Amino acid sequence: MQVFKVSGMTCSHCERAVTQAIRALDPQAQVQVDLAAGTVRVQSSASEQAIREAISEEGYQVS
């Protein structure tokens, strides 16, 4: 399980955009978005770097 701190997520649209971006890399990925904490938990075969880039391409900052 990888955990990413993501800033800029505020609503269900943000949650959906991040989830879809990660699942575009790995359709079997398990994604849990916590808007209040600003975290995204991912269980996936995709690399950490690929996931970071996918989230960033949606306009969110990954730290």
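Residues numbered from 1 in each chain as written. Predicted model: local features only at pLDDT ≥ 70, side-chain atom pairs only at ≥ 80, totals over all residues. Heavy atoms only, no water.

As annotated in an unreviewed UniProt entry, the protein carries the name Copper-binding protein and is attributed to Stutzerimonas stutzeri KOS6.

1. What to know about the packing of helix H1 (residues 12–25) against helix H2 (residues 48–57)
To keep it simple, the criterion reads: Lines fitted to C-alpha atoms define the axes here, with helix axes fitted over just the stretch in contact, and angles between the N-to-C directions of these axes take values from 0 to 180 degrees. Secondary structure elements follow DSSP: runs of H or I no shorter than four residues count as helices, runs of E no shorter than two count as strands, and numbering proceeds from the N terminus. Small angles under 35 degrees read as roughly parallel and large ones over 145 as roughly antiparallel, with 65 to 115 read as roughly perpendicular and the rest as oblique. Take the far helix as your reference; a near helix turned counterclockwise from it by less than a right angle gives a left-handed crossing, and one turned clockwise gives a right-handed crossing. What makes two residues a contact is simply this: any of their non-hydrogen atoms within 4.5 Å. Any residue that is not Ala, Val, Leu, Ile, Met, Phe, Trp, Tyr, Cys, Pro, Asp, Glu, Lys or Arg is counted as polar, Gly included; the first ten are nonpolar and the last four charged.
Relative orientation of the contacting elements H1 and H2 amounts to 140°, with a least axis distance of 9 Å. With respect to H2, the element H1 is oriented oblique. As for the relative orientation of H1 and H2, their crossing is right-handed in sense. On H2, the residues that touch Val18, Ala21, Ile22 and Leu25 of H1 are Ala50, Ile51, Ala54 and Ile55. Along the lines of polarity and charge, the residues of the contact of H1 with H2 split into eight nonpolar, no polar and no charged.

2. Overview of the nonpolar core
How we decide: In plain words, nonpolar cores are sets of buried Ala, Val, Leu, Ile, Met, Phe, Trp, Tyr and Cys residues tied together by side-chain atoms within 4.5 Å. Categorising residues by exposure relies on relative accessible area from a 1.4 Å probe, with only protein chains included: less than 20% of the type maximum marks a residue as buried, more than 50% marks it as exposed, and the intermediate range marks it as partly exposed.
In terms of nonpolar packing, the biggest core is built from 17 residues, with Val6, Met9, Ile22, Val40, Ile55 and Tyr60 touching the most fellow members. When contributions to this core are tallied by element, the ones reaching two or more residues are strand S1 (2–7), H1, strand S2 (30–34), strand S3 (39–43) and H2. It is H1 that provides the largest number of residues to this core, a total of four residues. What Ile22 contacts, discounting residues up to four positions off in sequence, is Ala29, Val31, Val40, Val42, Ile51 and Ile55.

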